[in-house]
Amino acid sequence: MTDKPNKASDDFTAQSTQERTGLVTEFVDFLKDNKKWWLAPIIVSILGLGLLVMLGGTAAAPFIYTLF
């Protein structure tokens, strides 16, 4: 009886030695691989609104209110 490592174990070992990628790189790779480019404007809009909400509570608030 021989102990033959399975493919999943080999894949895990190979991936564990690779360089780590960032969140943005992972997201762009996801968009490329799955051809879901329509998600990009939605994510950018949500991040932009989140930034406006965060800046709304700071000293920059009077300048943001003049935009609307």
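As shown above, the structure is provided for reference.
Description of the structure in this document. These numbers were taken from a predicted model, which means no experiment stands behind them.

**Description of the overall build of the protein chain**
- The secondary structure content of the protein chain amounts to 4 helices and 0 strands.
- Counting helices and strands in the order they occur from the N terminus, the protein chain gives α-α-α-α.
- The buried share among the 68 residues of the protein chain stands at 6%.

**Notes on unusual backbone geometry**
- Positive phi is not limited to glycine here, since lysine 35 has a value of about 50 degrees.
- Position of lysine 35 among the secondary structure elements: in the loop between helix H2 (23-34) and helix H3 (39-56).
- By relative accessible area, lysine 35 is classed as exposed at 65%.

**Some thoughts on a nonpolar patch on the surface**
- Taken together, the side chains of Val24, Val28 and Trp37 present a nonpolar region at the surface, about 300 Å² in accessible area.
- Within the secondary structure layout, valine 28 lies in helix H2.
- Residue class for valine 28 comes out partly exposed when judged on its relative accessible area of 31%.

Reading the values: the criteria
Residues numbered from 1 in each chain as written. Predicted model: local features only at pLDDT ≥ 70, side-chain atom pairs only at ≥ 80, totals over all residues. Heavy atoms only, no water. Helix = DSSP H or I, 4+ residues; strand = E, 2+ residues; numbered from the N terminus. Buried < 20%, exposed > 50% of the residue type's maximum accessible area, 1.4 Å probe, protein only. Patch = residues over 30% accessible without salt bridge, like charges linked within 9 Å, V, L, I, M, F, W, Y side chains within 5 Å. Areas by Shrake-Rupley, 256 points an atom, 1.4 Å probe, with all protein chains shown as cover. Salt bridge = Lys/Arg side-chain N within 4 Å of Asp/Glu carboxyl O.

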